Amino acid sequence: MTEQLRDVAVVGAGPAGLVAALLARAHGASVVLVAPKAPPRDERTVAMLGASVEILEQTGIWPAIAGKAAPLRTMRIVDGTRRLIRAPLVEFHAREVGLDAFGYNIPNAILVEALDAAVEQAGIERITAFASDIQPGDDAVTIVTPDQCSVRARLVGAADGRRSRARDAAGLAVRSWSYPQAALVANISHSLPHDDVSTEFHTETGPFTIVPMPGLHSAIVCVESPAEAERLSKLDDDQLAAEFERRAHSIIGKIILRGPRQVFPLSGQTARHFAARRIALIGEAAHVFPPIGAQGLNLGLRDAAAFAAVVGDHRADPGGADAMAAYDRARAGDILSRTTAVDALNRTLLTDFLPVQALRGIGLYAIDRLPVLKRAIMRQGLAPRV
């Protein structure tokens, strides 16, 4: 590998990093992707909302995955708490904002496989190794792998996760926090149709969410205390299916577990700035928050789109000071507003403070009864069009 200078290097090969590489290449930039081979198959699904579907269409992969995705035509919020003040049931219908669906739920493995194939077809150079050392310089960043292979690029997309080495190399500080929660994730089949409805039961410990998959299948995200999530994860399939059915109030009938279950501790993290020293943060390198409202990866894909836009707008030097300032401005408002909203909603579920519970109930009641407010909330949840 010669150390020629590339326009762009993307470190990390999750969905957001792969999309960033593809969109930057579409702007005519020379792109190298630095990331090890994919980890074992991920059984989780990802809900692609609004602008995210448009971004995937821009990569060219949408026709290959559309038939394997389930449309999300209705988003339902159910107050599943046993508290004195409870919120009303609220349903958001895509047709209310002139859409066929808010988005589509896609198995993560299928999404990554399609993006990997697109990267290969686009002729993007790929180094299948970790970035062990990242050295920002005045005119380029040097990336070194454990076998001492090195590559230089004018701009680096740091898509290497919440413990990002690239972010550390840029000197970008983060604010981190934790929640007394863990998410138990599993895929199921069921006897009654989900009717393309994603249902989120809000409980005292966090949301219990049923997200449609094609046919009589769905994904479950059950947020609980860490101890309870671990206990549930150790139940046999029949016991866990019965517990899910109880929590779902049998709205999708008899449940059968399909595949393994996984447990993820919940935490939050946000970078204080999103670009410096020719390194721009993408995905979980920039922001981490709980699985509420399907915002995480959708935010990461908007990072990728903004990253590529900076490449297109600053072709002479995509990592220069003006480009870094433009990326930071482009992402700050979106990331900070989403992080604040998701954190606040999660904490209102956990609090026993009666006035906060009342405010939450009043807010959902207003959303349900005021069509203008309801449509505004739906459009905001989908994010600006790209």
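Placed above this text is the structure.
Predicted, not measured: the structure shown is a model, and the values here were computed from it.

A. Region of the structure containing empty space enclosed by the protein. Evaluation of the coordinates by the stated rule reveals one cavity of 30 Å³ or more. In this structure, the largest cavity spans a volume of roughly 40 Å³. Residue lining of the largest cavity: Glu43, Arg44, Val185, Ala186, Asn187, Arg258, Gly259, Pro260 and Gln262, and that is the complete set. Residue assignment for the lining of the largest cavity shows that the elements contributing at least two residues are strand 12 (174-190) and strand 16 (255-271). Counting residues per element, the lining of the largest cavity draws most heavily on strand 16, which supplies four residues. Partitioning the lining of the largest cavity into residue classes produces three nonpolar, three polar and three charged.

B. Structural context of the pairing of strand 14 (residues 206-213). Most of strand 14 sits inside the fold, with eight of its eight residues counted as buried. Summarising the sheet, strand 13 (residues 197-203) and strand 14 pair through five bridges and their orientation is antiparallel. Considered in strand 14, the bridge of His202 is made with Pro207. Where strand 13 folds back on strand 14, the antiparallel hairpin that results is connected by two residues.

C. Main features of helix 8 (residues 296-313). End to end, helix 8 covers 26 Å across 18 residues, agreeing with the expected 26 Å (1.5 Å per residue, within 8%). Among the 18 residues that make up helix 8, 13 are buried, leaving the element largely enclosed by the rest of the structure.

D. Geometry of the pairing of strand 10 (residues 141-144). Of the two faces of strand 10, the one holding Val141 and Ile143 and the one holding Thr142 and Val144 are both buried throughout. Direction of pairing for strand 9 (residues 133-136) relative to strand 10: antiparallel, over a ladder of four bridges. Looking at strand 10, one finds that Ile134 is bridged to Ile143. The antiparallel hairpin formed by strand 9 and strand 10 contains four residues in its connecting segment. Both strand 10 and strand 11 (residues 150-158) contribute to a ladder of four bridges, which runs antiparallel. Looking at strand 11, one finds that Ile143 is bridged to Val151. As consecutive antiparallel partners, strand 10 and strand 11 are separated by five residues, and within that stretch Gln148 has a phi angle of approximately 70 degrees, a positive value.

E. Fine view of the side chain of Thr199. Along the chain, the position of Thr199 falls in strand 13. Classification of Thr199 as buried rests on a relative accessible area of 2%. Engagement of the side chain of Thr199 in a polar contact is seen with the side chain of Arg76, the distance being 3.0 Å. Apart from residues lying up to four places away in sequence, Thr199 is in contact with Arg76, Val78, Phe208, Thr209, Ile210 and Ile251.

F. Looking closely at the sheet that holds strand 3 (residues 45-49). Pairing is antiparallel in the open sheet, where three strands are placed in the order 3-7-4. Where the open sheet ends on each side, the last strands, each with one partner, are strand 3 and strand 4 (70-72). Across the sheet, the axes of successive neighbouring strands diverge by a mean angle of 30 degrees, strand direction being ignored. Across five bridges, strand 3 lies against strand 7 (residues 103-107) in antiparallel orientation. Each bridged residue has a counterpart across the sheet, and for Met48 the counterpart in strand 7 is Tyr104. Contacts from helix 4 (residues 108-121) reach strand 3 and strand 7 within the one sheet, and its direction differs from that of strand 7 by about 90 degrees.

Rules and cut-offs
- Residues numbered from 1 in each chain as written.
- Predicted model: local features only at pLDDT ≥ 70, side-chain atom pairs only at ≥ 80, totals over all residues.
- Heavy atoms only, no water.
- 1 Å grid on protein atoms, 1.4 Å probe; cavity = no way out; pocket = protein on both sides within 12 Å on 5 of 7 lines; lining within 4 Å.
- Points joined across faces, edges and corners; volume = space filled by probe spheres on them.
- Helix = DSSP H or I, 4+ residues; strand = E, 2+ residues; numbered from the N terminus.
- Nonpolar A, V, L, I, M, F, W, Y, C, P; charged D, E, K, R; others polar.
- Buried < 20%, exposed > 50% of the residue type's maximum accessible area, 1.4 Å probe, protein only.
- Pairing = 2+ DSSP bridges.
- Expected span 1.5 Å × (residues − 1).
- Polar contact = N/O pair within 3.5 Å; in protein donor to acceptor, adjacent residues only side chain to side chain.
- Contact = heavy atoms within 4.5 Å.
- Axes fitted to C-alpha atoms, helices over the stretch in contact; angles between N-to-C directions.

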